[in-house]
Structure formats: structure tokens, C-alpha cells
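Letter by letter, the chains look like this.
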Amino acid sequence: MRQTGIVGVVRCPVLVGRRAEIQALESALAGMLAGQGGCAVITGEAGIGKSRLMRELARMAAGRQVPVVMGRAVPSSASAPYRPVTEVLLRLLRGRPLPDDPSLAPWLRHLAVLLPGAAAGSPAARLSQAVDSQVVRGEAVLRLLRRMAPDGLVVALEDLHWADPDTVSLVEYLADNAVGQPVLFACSLRTEPPSPASDLARRQRGRTGIVHLPLGRLSEREVAEMIAACSLGGDADEHSRVRRVSEGVPLFVEELLASSGIPETISDTVRERLAEFPDDERAVLETAAVMGRHFDWEILPAASGQAPEVVSRALAWAVDRVLVTADGAGFQFRHALTREAVLMSALPPRLRRAAATALAAVDAAHPDLEGRWRDVAADLAARSGDRARAGRLLRDSGRYSLEIGALAPAVETLRRAADLLEGSPERAGAELILIEALALAGRVDETAAAGTRLIARLGDDPASIQARIEAHLRLAQAAVSASRWPMACHHIDMAVRLTAAQTDPNLSARAAVLSAEVALAGDDLDGARHTAERVAAMDGAGPDVRCHALEIIGRSRRLHDLPAAAAAFEAALATAELAGLPVWRLRALHELGTVDMFERLDVDRLLEARRLGEQMGALSTVAVLDLQLSASFIGRWDLERCDAHAGSALELAGQLRLDQVAAKAVSMMTGSASMRADVQATEQLAARTLAADPADPVFPGYCRACVGMVLLMAGEGAAALLPFAEGTAAMSRIPNAEPISIRALWPLIQAARGDRRAAATLEEVRRLGVDAFYVNRGLMAFGQAVLEGRAGRPGRADAIVAGLATAFANCETWADLARFIAAPRALADGWGEPVRWLTAAPGPVHQPGTRPAGRALRGAAQGCLPQPVGGRGGDRPGGRRAPPGHQRPGQQGDRSRLAPVAEDSREARREPAAQDRGAFPHRAGRLFRPPHYVGAVRRYLLSPMRPVGRAAHPHPRAPETSRDRGKGDSCWSPRTRPRRTTSATSSTARSAWSISPGSPWAAPTSGPAGGGPPTSNRW
Ligand SMILES: Nc1ncnc2c1ncn2[C@@H]1O[C@H](COP(=O)(O)OP(=O)(O)OP(=O)(O)O)[C@@H](O)[C@H]1O
Ligand SMILES: [Mg+2]
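As a starting point, this report considers the structure included with it. (Residues numbered from 1 in each chain as written. Chains lettered and ligands numbered in written order. Predicted model: local features only at pLDDT ≥ 70, side-chain atom pairs only at ≥ 80, totals over all residues. Heavy atoms only, no water.)

1. Some remarks on the overall build of the chain
Line of reasoning, step 1. Counting its secondary structure elements, the chain contains 51 helices and eight strands.
Line of reasoning, step 2. Here the chain, with 1019 residues, has 58% of them falling under the buried criterion.
Line of reasoning, step 3. Taking the contacts inside the chain whose residues are at least 6 apart along the sequence as the reference set, 70% of them involve residues at least 24 apart.
Line of reasoning, step 4. Element-wise, carbon and sulfur atoms account for 52% of the exposed surface of the chain, whose accessible area totals about 40,100 Å². (Helix = DSSP H or I, 4+ residues; strand = E, 2+ residues; numbered from the N terminus. Buried < 20%, exposed > 50% of the residue type's maximum accessible area, 1.4 Å probe, protein only. Contact = heavy atoms within 4.5 Å. Areas by Shrake-Rupley, 256 points an atom, 1.4 Å probe, with all protein chains shown as cover.)

2. Some details on helix α27 (residues 543-557)
Line of reasoning, step 1. Given a rise of 1.5 Å per residue, 15 residues ought to cover 21 Å, and the 21 Å separating the end C-alpha atoms of α27 matches this to within 8%.
Line of reasoning, step 2. Taken together, the buried positions of α27 are occupied by Val545, Cys547, His548, Ala549, Leu550, Glu551, Ile552, Ile553, Gly554 and Ser556.
Line of reasoning, step 3. Structurally, α27 contributes buried residues whose contacts are with α25 (505-521), α26 (525-537), α28 (562-579) and α29 (582-600). (Expected span 1.5 Å × (residues − 1).)

3. Re the packing of α27 against α28
Line of reasoning, step 1. At a minimum axis separation of 7 Å, α27 and α28 run at an interaxial angle of 165 degrees. Between α27 and α28, the angle is such that the two are roughly antiparallel. Between α27 and α28 lies a crossing of left-handed hand. Contact residues: Pro543, Arg546, Cys547, Leu550, Glu551, Ile553, Gly554, Arg555 and Arg557 in α27; Leu562, Ala564, Ala565, Ala568, Phe569, Ala571, Ala572, Thr575, Ala576 and Ala579 in α28.
Line of reasoning, step 2. Across the contact of α27 with α28, the residue classes tally to 13 nonpolar, two polar and four charged. (Axes fitted to C-alpha atoms, helices over the stretch in contact; angles between N-to-C directions. Parallel < 35°, antiparallel > 145°, perpendicular 65-115°, else oblique. Left-handed = near helix turned anticlockwise from the far one by under 90°. Nonpolar A, V, L, I, M, F, W, Y, C, P; charged D, E, K, R; others polar.)

4. Details of the sheet that holds strand β1 (residues 38-43)
Line of reasoning, step 1. Taken in spatial order, the five strands of this open sheet run β2-β3-β4-β1-β5, and their pairing is parallel. What marks the edges here is a single partner per strand, and that holds for β2 (68-72) and β5 (210-214). Averaged over neighbouring strand pairs, the angle between their axes works out to 15 degrees when direction is ignored.
Line of reasoning, step 2. Relative to strand β4 (residues 183-189), strand β3 (residues 153-158) runs parallel, the two sharing five bridges. Each residue of the ladder has a partner; that of valine 154, found in β4, is leucine 184.
Line of reasoning, step 3. Each of β2 and β3 is contacted by helix α3 (residues 83-93), which is oriented at about 145 degrees to β2, the strand it contacts most. (Pairing = 2+ DSSP bridges.)

5. Looking at the sheet that holds strand β7 (residues 324-327)
Line of reasoning, step 1. Judged by pairing direction, the sheet is antiparallel, and its three strands sit side by side in the order β6-β8-β7 without closing on themselves. Of all strands in the sheet, those with a lone pairing partner are β6 (294-295) and β7, marking the two edges.
Line of reasoning, step 2. As paired strands, β7 and strand β8 (residues 330-333) are joined by four bridges and run antiparallel to one another. Paired with threonine 325 across the strands is glutamine 332, a residue of β8.

6. A word on the nonpolar core
Line of reasoning, step 1. Counting 174 residues, the largest nonpolar core has Phe185, Met709, Leu745, Phe808 and Trp814 as the members making the most contacts within it.
Line of reasoning, step 2. Counting residues per element, this core draws most heavily on helix α35 (residues 699-713), which supplies eleven residues.
Line of reasoning, step 3. Contacts of phenylalanine 808, omitting those with residues within four sequence positions, involve Val775, Gly778, Leu779, Phe782, Trp814 and Ala815.
Line of reasoning, step 4. In terms of nonpolar packing, the next biggest core, distinct from the first, is built from 48 residues, Leu274, Ala288, Leu380 and Leu393 among them. (Core = buried A, V, L, I, M, F, W, Y, C linked by side-chain atoms within 4.5 Å.)

7. Notes on the packing of aromatic side chains
Line of reasoning, step 1. Overall, the coordinates contain ten aromatic pairs when judged by the stated rule.
Line of reasoning, step 2. Here the aromatic residues Phe782, Phe808, Trp831 and Trp837 are joined through ring pairs into a cluster of three or more.
Line of reasoning, step 3. The ring of tryptophan 373 is capped by arginine 372, whose NZ or CZ atom sits 4.5 Å from the centre of that ring. (Phe/Tyr/Trp six-rings, centres within 6.5 Å; stacked < 30°, edge-to-face > 60°. Lys NZ or Arg CZ within 6 Å of the ring centre and 35° of its normal.)

8. Quick look at the side chain of arginine 704
Line of reasoning, step 1. Position of arginine 704 among the secondary structure elements: in helix α35.
Line of reasoning, step 2. Within the structure, the side chain of arginine 704 is placed 2.5 Å from the side chain of glutamate 726, a separation counted as a polar contact. (Polar contact = N/O pair within 3.5 Å; in protein donor to acceptor, adjacent residues only side chain to side chain.)

9. Section: the environment of arginine 137
Line of reasoning, step 1. The topology assignment puts arginine 137 in helix α6 (residues 133-148).
Line of reasoning, step 2. Linking arginine 137 and leucine 170, residues 33 residues apart in sequence, is a C-alpha distance of 7.1 Å.
Line of reasoning, step 3. Among the polar contacts made by the side chain of arginine 137, one reaches the side chain of tyrosine 82 at a distance of 2.9 Å.

10. Some words on the packing of helix α36 (residues 717-732) against helix α37 (residues 741-752)
Line of reasoning, step 1. Contact geometry for α36 and α37: axes closest at 10 Å, N-to-C directions at 130 degrees. Here α36 lies oblique to α37, going by the angle between them. Relative to α37, the crossing made by α36 is left-handed. Residue-level contacts link Leu721, Phe724, Ala725, Thr728, Met731 and Ser732 of α36 to Ile742, Arg743, Leu745, Trp746 and Ile749 of α37.

11. Some remarks on α36
Line of reasoning, step 1. Between its first and last C-alpha, α36 extends 22 Å over 16 residues, near the 22 Å set by a 1.5 Å rise per residue.
Line of reasoning, step 2. In terms of burial, α36 is a largely internal element, 15 of the 16 residues being buried.

Set out below in C-alpha cells:
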């Protein structure tokens, strides 16, 4: 036992008991050093030994040369968000700069919220709080920790029972994501009374990487052991008293041993010790207590009105009497209970006076009340009875928390502020901020309740009209964000009614732009646009409202008039740039990028928006932009970059818990794998897509269509037909399903196969707006050309194809695919340049890195060939061949040259090389040089053809059975595999083609009347 003075400092020199806990910490530490981090959660009542166990962990870590860094929550942390984590970061960065690491750069914005002096309140920070939440901050912290201590780190987070809900959710993310990282978190918290942290501790049970260490009271034997360890001898009676009174709480054991009197509780002990203080010194300690558990000793002379030497003496006494501890950084009450006991021991008038003096001192020393001083001042103002000042300070504190995205502390603080401001005209202002915080937190019902209460209280007083309008507008905005349209309408109406008597045009503009949002949500595109146009033209509308209006104009036009939409988004961009509104600038760039994608697959603006989003730390927007980019690159058949952006979206979505974005990213990879003809990857990715978001109505059809695509590209054209048909039909039934190019490809394939339903399918995809995407317009035009050729109008087919000169800009590979598919029909029906299409290798085939596309094209060409069934005759209705008038002498597809080949298929099959050479003397060398597709070309050229329409052409596969149909949730049911079929089954083949009820040639069961392309967020 170490003793100083009358009342000794007792600290047990050995750790008593807790063997299981030590063992658990040892293995957690070892796991962390092996790269398997995690979190140890130490719980128990006050004084039970949580911090002591933390110290043991620090000692063990030091033995293994692992750095330990600590942060703690304090009781005032309800209005001091993220304090423990901030402390950890500050300690880590003490004397070290932030690492200069580009991969860390996008994350540092989010650290700004956690670090003092951050760019809090900046538009970027506001955006990131709106879109990113604690998850981003958690990820930012993890990345920084890993960067700063790559070889292992222990982060001790103490006293989390005082942490605000936002800090707790941040800690939850850290704890959950430490697995697989070289960092071990150790959290301590009291479980009583219940707190957000104790809820978390309960929730965390059983999670991977979380070790629970609930500390119980020491047994009698352990208490005796502790007393023996602390005492150098001693009185048996006193020991027995300590054993009895301590009730197994180690803190009480020490406190009781240190006390010379006979205290029965800590507060008694404290009161007893305080009584030994002279009046002045006691006043110093009381002032310290009103300032918080951790107090600023430098301000104490002014705050207590005592001379510095009195303050020094008081602190020395307090330390001596185990009420206060001193460390390198300053002083703090030894225990929260100790501070509370000090406060309890003083009479209220005395405390009130102390608080008033302390507040004056704080004001003098920190006139701007920067950092934590505003919270200290608010607390002191409340204790000193200045409710209005406390309310104002808490309102400012709440506004600050709102700006940095600490929504839960903001709500709590603003509620307290509103209570304190009761009877003051400033109360409405605090409540308006409270409504905004509740709305941003997504607590719509509470928002509505708070708003309604405020509006009711304000009554009809003309002086309050501004506040009432503001309340209605904020409630309407909250309702719009939550898609609560009736609520939005009600508050917009009220705001409009009130603004009639107002002169501020910005208020009317805000109401109008919100009503335009409501109209847009109700598919009233014209109404939305007209309102938004009116707002955009209003003189007094603020630039943010104008940007919002222009964006709505663009969104309402995008479905039918892309150039007009682009013009509106351009105007929004210019407005945002002029007014310096980065959030609106990003939104405008994003929308413009989407227009570019649909118009010509330009990616520049999407890439710029992505860069900007990254710069601003708007990581969830970056994730969505990655999705858009992956969609663009899939359109460009640049599958490597498609996969790279989808991978990036997936990674960000995983970190930010954006489940829908993650599912979309996997779906992009599925599409890309299918276009690469990678059957196995398509199969796996399609299954992952379906599992990632089983509720998405588009995915089943989309994945099934991808199965069709991969089979087609792999050269299994016949097997591809059913999944193609089913997948595209399912997508047609979903309103605003993505206009993926597979949907536009399907009618072309049908037409090329001679399927008579092709025209109906083409008409349907047109009606559903699949042609909003320009690539699809090209594919559909090829489909139309095939139909024209089949109908005996090769001239029209030629005209259509001639008009496609620039239709496939930026996406030539799609054109190659379309030509490969259409070539056999073009050859048979006498239009186009089928031989050149088939033999002249498409550009991308010979470019390094795009060979897979070329191979896949050749596979597709094989798959799409009309079925060779023997016999002669054309495949157009009536079996006519192409009219001689449409053969252009000298043209590569010259039918006069081809005729001998097509006439005698048997001979040709026997001696293909000779026949081919005979048919294409001038191209023979070229024809045979790339051996991959010679099979496709030869089989096509040498096979007689016949119509493959529904009635005339039995499907080669077994009919769909009712059992098969039951497997509709899988995109890769065994049905999609090519099967051998018997004549018995082929007689019922027709039913296999009838994919009812939603087949492409049947009317869709549901679907938008004149359905358009999807809104950008579907991509
Ligand atoms: N197992 C133990 N063996 C010896 N001494 C202990 C043991 N557990 C705790 N102590 C001592 O008891 C005192 C109180 O413990 P500690 O501060 O760790 O409690 P705590 O649970 O962290 O309390 P609080 O919740 O208030 O932070 C400390 O001085 C500590 O050294
Ligand atoms: Mg503790």
C-alpha cells in the first residue's frame, strides 16, 4: 500500500482474479498480430475494474511492442460528438502529420468531421453528412489507423456509456470491420443505466471478432486477496469492514482502505474528505466540479475567484486525497462518482454562484467559445440559472452537430435548447433547426409531430408568419425526401397560402419547386416542368432553388427529349458554378453524364463528376457514378473498364452499406461476363446478383437474359433462345426496366432466325422505350432491316443499313455483332454486304485486348445462323431467293458469285475448302486466315436454309415442364442448358416457345403505357 498524507492513494499492486478475461485478451491480441483484429467489449458497473483490465491489456501489448492509443467518452459527450475517437486520432497524430497518401485522400474529408479545426459546416461536409453517415467516417478511421500502424495497434475506447448514439454507431462500424485488420479495439462501458453503448454491447453478442468480457464482482476470497495485496499489515477489523462494505467492488475496496474514517459509500467518503478542505480550497474544488470531470486548471483561478496559490493548494490536496488525479495533460476527478459526490456535497446556491463565476471566466478566456467551450459554457449557464443563455448556446451547439452530421446529438441538444428557451421568442428558431435535424435523421413522424406542435403554438400571430412558412417548407422537404406525398402536398399548400401575404419571393420559389417534385413523382411530367420553369424564371429565387428547378426541368424532359434535358442540366451546372454551390454542381454534372451516356456513350462528364465527388468526399455519389460508368463501358464493349468501375462501385457499396448499389454492381459484372462468353462467371455472378437483392423486380429477367447472351456468345445459339426470350419478356413486364441492349438484340435475333414474332417484339421494345439508348436504336434498325429483307424489300433494308453510318459511334462492337447476326439473312435476301460483314474481321477483333470480343462475336455468329434443315429454297415467305435486281456485281456479297456454293450444299460439305475458294477467289486467303470463325462462315454459306418461324420450325429443345416453371427464381435453371430432344418432344415444341404470360410477342401483363427509359438511378 502506497500512502501519502492522511488519506492515502491506494492502488492494488497486483491484478486480482480476471484470469479468463486476461486469457481472452491475450488471444485477441495474438489474433490481431496475425492480422485478425477485432473488438473486446469490457462491461460492468462503476469501479468494477474495466479500466484496470484495459491497463493490463496495454501492458501485454507493450510487452509485444504493440502501440496502444486511448480515447474516452465523457458525460457531456451528448453534445460533444465523437469525442473518444477524436481523442484517439489526436493522440495518434500528435507530432506526426497526416500521411500523404493518395489512396487515403478521399477519406480524409470524413476525418475532418472527427478532428478539431475541420472543414465542418462546409458544403462538402454537409453533403457528406447527408449522403454518407458514420459508416464512411468509420471506414475513414479504419483506413487511417491501418496506414499509421500497419503492424498492429490497440485502440482503447473508455467509458462509452457516456458516448452519444452517433459515436456508438461509429464504434459499431469500427468493431465490426476490425476483423481482418491489424487493429484491436477494446471498449469499456457501464451497463447500467441503459445507454446506446449498452444496447450495442447487447446487439454485438455473437458477432464475428467481438469478445465479450462482462466483469462481475470479486469473490470474498478475491477481495481478501486484494486487501492483502494493498495492505502492508493492518487492522483485522478494518479489513473485515472493507470486505463487507466494498461488496466485491474493487474501487470500493481501494477507496475504503484509503479512507481513514468509516465511509459507507463513495459519496460519504468524498464528503468526508471535502470537509477536511479549508473553505477556499473547497470552493476551488466545487468550481472544478461544475466545470466537468475533466477541467481546465489554468482557468480555475478566475473561475473560482481564488488566488492561483489557493488553486494550486486545492489541487494538491485533491490529488492527495484521491479525489482528483493528475496526468501529463491535466487534472480530472478520479471517478465520475467522485465529481458527482462533490457536487452533491455542496448546497445549490453555492453551486449556482460557482457556475456563474466560472461562466464569466470561460467567457473572458474563450470569447468565441470555440471547440468544447461552448458545451462547457452551456452547462455552466444552465447551472447558473441563465436558461436563455444556456438555450442559445445549446441551439448553436445543436446546429453545429447538425452541420457535421452528428444527427442524434443534434436532436438531443436541440430538444434541450428548445426546453430551455421556453417562453423566449428564440424558441421557434431552435425548433426549426430541430425539425431539420429530425428530417435529416429520417425520423419523419417525429419531424411531423415537432412541426405540428410548433405551428400550433405559433398560432395566427402575424409576427410569426415567417417561422410558420419555414416550418411548413421544412416539413414539406422532409416529406419529399421520405416520399410521403400527401404530407408534402399538405405542407406545400399551407406554405403557398402563407407566402401569398409575403414579399419574399424565395419562399414562394421554394414552395413551388417542392410542388414540382411532387408532380414529377406523380408522373405529371408536364406539370412538373411548367412549375419548375416558372421557378427558374423567378427573380427572387435563390441560386440553390434555381438549380433545383433546372434539375427538375431536365429530369422531366429526359424521357422524351434528351437535348432539352441536357440544356436544362447545363443551365443548372452554370448556375451552380456561378453561385459556388458544389453540391448542386455535382448533381448537374451527374445528370449531364447520364444524358451523355444515353446519347453517345461519352464518359467525360461522368468521369469529371466522379472526380469531383471523390474530391468532396461524397463517396456514395462516387459509388453511383461508378455504376453509371460501368454501364457506359458495357455499352462501349470495353469490358475491362466496365468491370473496373463495377468493382469500385461494389467495394464502396460494401463499405458504405449501399446494398442496392452493390447488387447493381454485381449485375453489371454479370452482363460483362456474358458478353465475354464466360459461361462459368456469368452463372456465378447471376446467382450473386439474385442473392444480393432478391426484391429487385428487374434482376430475375435481367440475369436470365444474360444467360441467353452468354450462350449466344459461346456459340450455343439454339440454347440461348429460351433464356433470351424469357429474360427479355420478364423485363418487358417491369415498368421502366433498364433499356439494356440485350432487349434490343432479341428482336434482331428473332428476325435473323426467321421467327415471325420478330416484328411484334420489335414493336414492343420500341413501345417500351428501349430505343431511348442510341445503341439500341442501331440494333433495332438492323432487326427492322432483316424484316424488310424477308418481306422482299431489300432496297428498304439497304436504306436502313445505309442510314446507320454513325449510329454505332463509340460502340462499334455492337455493330459488328448486329452485322454478324444479320449477315445470313442479308445474304439470303439480297441486301447489305454480308460477306464483308462476315469475312472482314471487325476492327476490334484485331486490337490487342479485345480479342475475346472478336471470339465471342464469332461464337454469336454461329449461334444465330438459321437452322440448316436440308433442301433448297429461300427462307423468305414463299421460299423465294433474293431478287436478281438486288445483286450488285462486284459487291462482296454478290449473289452470282455465291450461287454455286449455295446450290450444292452436299458437295460443298464434302470439299469445303475448294468450294470456298471457288466462291471467294479474291478473299479465300483472308477467309481462312482467322480459323476461329471459318466454321461459322462455312456452315452458313454451305447450308441450305428454311424458315425457322414458330409454326414451321420445331424448337430443338424439350418443352418447358410445369416443374421447370417452378424454378423461375433461378436465372440458370437446367432448362437453359441445351438438351437433346426426341421427336415426341419436338411435336410439342410449340409450347416451349410460349413463354406465357409475358412473352415478348404477348401483351405484357403490366407495363407503363408508353413506358420510357429508366431514370438514371436505375443504372
Ligand atoms: N481485479 C482487480 N485487481 C486489483 N485491483 C483492481 C481490480 N479491478 C479493479 N481494481 C482497482 O479498482 C479501481 C477501480 O477500477 P477501475 O477504475 O478499473 O474501475 P472501472 O470499472 O473502470 O470504473 P468506471 O466504470 O467508473 O470507469 C482501480 O484503482 C483499480 O486498480
Ligand atoms: Mg473506468
